[in-house]
Each structure stands twice: as structure tokens, then as C-alpha cells.
Protein chains: 2
Amino acid sequence: MSRTRWLSDTEQGVWREFLAAVDMVRGHVDGQLQRDAGMPHTYYEVLVALSEAPGRTLRMSDLAERCRSSRSRLSHAVARLEKSGWVTRRTCPTDKRGSFASLTEEGFAALETAALGHVEAVREALFDALSPDQVRALGEISATIRNKLTPRCAAAMLDEDSTERAAEAG
Amino acid sequence: MSRTRWLSDTEQGVWREFLAAVDMVRGHVDGQLQRDAGMPHTYYEVLVALSEAPGRTLRMSDLAERCRSSRSRLSHAVARLEKSGWVTRRTCPTDKRGSFASLTEEGFAALETAALGHVEAVREALFDALSPDQVRALGEISATIRNKLTPRCAAAMLDEDSTERAAEAG
DNA sequence: ACTTCTTGGTTGAGCCTTCAATCATAGACT
DNA sequence: AGTCTATGATTGAAGGCTCAACCAAGAAGT
């Protein structure tokens, strides 16, 4: 029942500046990939994750985790990438519920090509503009945010668990 | 024809950390608004922009600029907000091409309600986690990025102009 | 006045994301 | 074995975004 802790003028300013910056960076990078490689950034991330995995293969749920993607989203994405011939799927023999996604040679080639323009866009949007100190600071800030928000899910789930158990017990 | 300037390991790390952090912040904030207020963050921004305008009214293109939105996106958004009864549209009498969007009383009320949970979500995602120094740094970094990327559009347009003129001249 | 260009804005198609429902299989408990 | 729950993944509908095409109205040049 505590009163709302409104943002100070400075905080408002930072928040809006942050939103604008993020929009522009993502617009710049996503636009480049869409135009030059014909894929959204999220799909690019799927290809990257697969390319870095042993055997260029991952379980769908591992892949989703590495891409910070919902299972549903990944399922749609991989379906589309499969149609493009960049990824193949096969079911796991030991656990027939699971399935593996693998990067094809064409997928790897597409990724290599896309990467050229992509790194350039990332440099333009981020690293060309910032000083080394700012880059370092941004890294730390991002890590702080990620650490703050990541356990939040786990904590929320634990909390749900306990309330459910409490409900059962009650 | 210059060779690709790949990212260093550190840069890669910062970039990925940044992507993760941004995804989580936006997910947190957007999710809260969607769940509790039934609107995406972009629509919330439209309501905010209108609420801050004199007479709670703006030309569509001014509104688009303030929301960093394409005209098309805004058109769709306002159409939806109009259906919700939160915004009304009427054509400009002096320039019959233009149209004004205004926030209704219901829209203002909806915004006031939505704001309560929203600021809390923003605090949780950003300000609660960061030190004052980090907040200051993030503001500066964001401004730097915005300034780098904003003139880029203007510059690109100027560049286009000049090449077009050159083509005409040639 | 008459074309031509530009500006403000809308529209529809196609794609991506989210949400909830679903399915099949695995594990756990009796 | 038989039921009950949990897990891995997919699906379809609904909604938002982008892109390109479009329309109407003003401005500019003839």
C-alpha cells in the first residue's frame, strides 16, 4: 500500500534517453540485417548460437535459453529457418519428446555472409560512438541489470511454488 | 573494400551483455504494461506524448516524431486507441491533409492508472539495480548513442539529395 | 489554369511475437 | 500395471510492426 515512487526529473531524462538509444541501436542493427540478409536479428541469433555449439547442434530448449527466447518463439523461428534450408530438425533418440536443431552448411554460409554487414552495423551503432571507458561502463551496467532481472524469474517461480504449497497445505 | 573489423572478445562480451540487458528491461516493462494495462509500451508512449502536449492534442506527424515512430505505425496505433475510446482524431481545418489526435478523458484516466504500475516496473528494471554513478553514466552513454545515430538519418538524406543532384547533373 | 512535385496520412499484406491450448512422452507415486 | 503430474515441444489465433502502395491536398513552376 506504499505510495508510488515517481521518477525524478533526472531519472525521467535518463529513462527516455535510454529508450531512444535502445530503439535506435536496435533499429539500426535489425534494419541492416533485414535489408541485407533477409532475416530479423532474433533469427541471426539462432544461427549464431547453433554455429557455436558442438556439432553445430542443440536441443530446442537449450537453444531457446541461449537466445533468451520462449520455446514458442523458437519453434516458429526454427520452422522458418528450416524452410530456408538453414537449419534441420530431428527428434532425440533417447528422449523422444526432445528434438535437436542443427545448422546446415548453407545456414553456416548464410551466417558468414550476414556477419560481415552485421558487425559493421554494430560498430556504427555502438562502439564507434563510445569511448573505451563508456564501453566498459556499459558492459558493467548491462551485467548489473541482467543479474538483477535474471534471478527475478527464478525468485518468482520459487515464490509461486511456495504459495502453491501453502495453498495446498491450507 | 576494407577488411571486416571484427569485434574483440571484450566488445563481443559487452554487446551480448547489452542485448541481454535490453531484452530483459523491455520484457519486464512491456510485460507489466501488457498484463496490467492491456497495452504495449509503444501505445503507452503515445498516451504520454499526448498528455504532455498543450490541449492534450498533437498533429499526427508531431506525435510520430515524439514517439520515435513511423507514420504508418502511429496510424495503426491511433486507430486502435481510437477504438478503445482513449484518443480521438479530427482533420486540421487549415491544412486538410493533416489530422489532430487528442487524448480523451478516458484516455487520460487510463494513462494515470497505467502509470502506477509502470513506474514501479521501470524502477525494478533499472533504477533499483544501478548506483547513482551508473545511472549518470547510462544517461550519458544513451545520449551519445542517440546523437551519433540521429544525425545519421539527416546525413544519409543529405547524402541522397546530393547524389540525386549529381545524377541529374551528370 | 495546369502539370508536377511534395507532404501528411492511411491502408493492406506479410511477417514476427505472444498467449493459451494441445500433444506426446517421461517420471513418480500407489 | 495404472494414474497423475511434469516436461519438451508444437500449433493457431490475435495483435503489432514494416514495407510498399496509395490517396488527397497543398506548393511550385510553367
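The notes below deal with the structure included here. From a predicted model like this one, the values you see are computed outputs, not experimental measurements. (Residues numbered from 1 in each chain as written. Chains lettered and ligands numbered in written order. Predicted model: local features only at pLDDT ≥ 70, side-chain atom pairs only at ≥ 80, totals over all residues.)

1. Looking at the protein's contact with DNA strand C
Consideration 1: Around DNA strand C sit 25 residues, and of these Thr42(A), Ser72(A), Met60(B), Ser61(B) and Ser72(B) come closest.
Consideration 2: Counting only elements with at least two residues in the surface near DNA strand C, the list comes to helix 4 (71-83) of chain A together with helix 1 (9-37), helix 3 (60-66) and helix 4 (71-83) of chain B.
Consideration 3: When grouped by side-chain class, the residues that make up the surface near DNA strand C number four nonpolar, 12 polar and nine charged. (Near = placed C-beta within 6 Å. Helix = DSSP H or I, 4+ residues; strand = E, 2+ residues; numbered from the N terminus. Nonpolar A, V, L, I, M, F, W, Y, C, P; charged D, E, K, R; others polar.)

2. Quick word on the relation of the copies chain B and chain A
Between the two copies of this chain, the relationship is a rotation about some axis together with a displacement along it.
Consideration 1: The two copies are related by a screw motion: chain B maps onto chain A through a turn of 180 degrees and a shift of 0.0 Å along the axis, at an RMSD of 0.1 Å. Both copies are brought into coincidence by an operation consistent with a two-fold rotation axis.
Consideration 2: Taken together, the interface assignments show that 100% of the residues at the interface of chain B recur at the interface of chain A, consistent with an identical surface on both copies. (Least-squares fit on C-alpha atoms with pLDDT ≥ 70 in both. Contact = placed C-beta atoms within 7 Å.)

3. Comments concerning helix 4 of chain B
Every α-helical turn comprises 3.6 residues, leaving residues that sit three or four positions apart pointing alike.
All names here are of chain B.
Consideration 1: Its 13 residues give helix 4 an end-to-end C-alpha distance of 18 Å, which sits within 8% of 18 Å, the value for a rise of 1.5 Å per residue.
Consideration 2: Looking at the packing, one finds that the buried side of helix 4 touches helix 2 (41-52), helix 3, strand 2 (87-91) and strand 3 (99-103).
Consideration 3: One or two positions beyond helix 4, positive phi appears at Gly 85, with a value near 80 degrees. (Expected span 1.5 Å × (residues − 1).)

4. A short note on the interface of chain B and chain A
Consideration 1: Tallying the contact residues gives 40 residues for chain B and 40 residues for chain A.
Consideration 2: Elements with a minimum of two residues in the side of chain B that touches chain A: helix 1, helix 5 (105-127) and helix 6 (132-169) of chain B.
Consideration 3: Considered class by class, the residues forming the side of chain B that touches chain A number 25 nonpolar, seven polar and eight charged.

5. Regarding the packing of helix 2 (residues 41-52) of chain A against helix 5 (residues 105-127) of chain A
All names here are of chain A.
Consideration 1: It is the contact of helix 2 with helix 5, at a shortest axis distance of 10 Å, that shows an interaxial angle of 120 degrees. Considering the angle they form, helix 2 stands oblique to helix 5. Judged by the twist between their axes, the crossing of helix 2 over helix 5 is left-handed. Contact with helix 2, carried on its side by Tyr 44, Leu 47, Val 48 and Ser 51, involves Gly 107, Phe 108, Leu 111, Ala 114 and His 118 of helix 5 and no other residues of that element.
Consideration 2: Among the residues forming the contact of helix 2 with helix 5, the class breakdown is six nonpolar, three polar and no charged. (Axes fitted to C-alpha atoms, helices over the stretch in contact; angles between N-to-C directions. Parallel < 35°, antiparallel > 145°, perpendicular 65-115°, else oblique. Left-handed = near helix turned anticlockwise from the far one by under 90°.)

6. Regarding the sheet that holds strand 3 of chain B
Residues and elements named next belong to chain B.
Consideration 1: Overall, antiparallel pairing links the three strands, which are arranged 1-3-2 in an open sheet. Two strands lie at the open edges of the sheet, namely strand 1 (57-59) and strand 2, each paired on one side alone. Across the sheet, the axes of successive neighbouring strands diverge by a mean angle of 25 degrees, strand direction being ignored.
Consideration 2: As defined by bridge partners, strand 1 adjoins strand 3 across three bridges and the pair is classed as antiparallel. Bridging from a neighbouring strand, Arg 59 pairs with Phe 100 of strand 3.
Consideration 3: Relative to strand 2, helix 4 is tilted by about 120 degrees, and along the sheet it contacts strand 2 and strand 3. (Pairing = 2+ DSSP bridges.)

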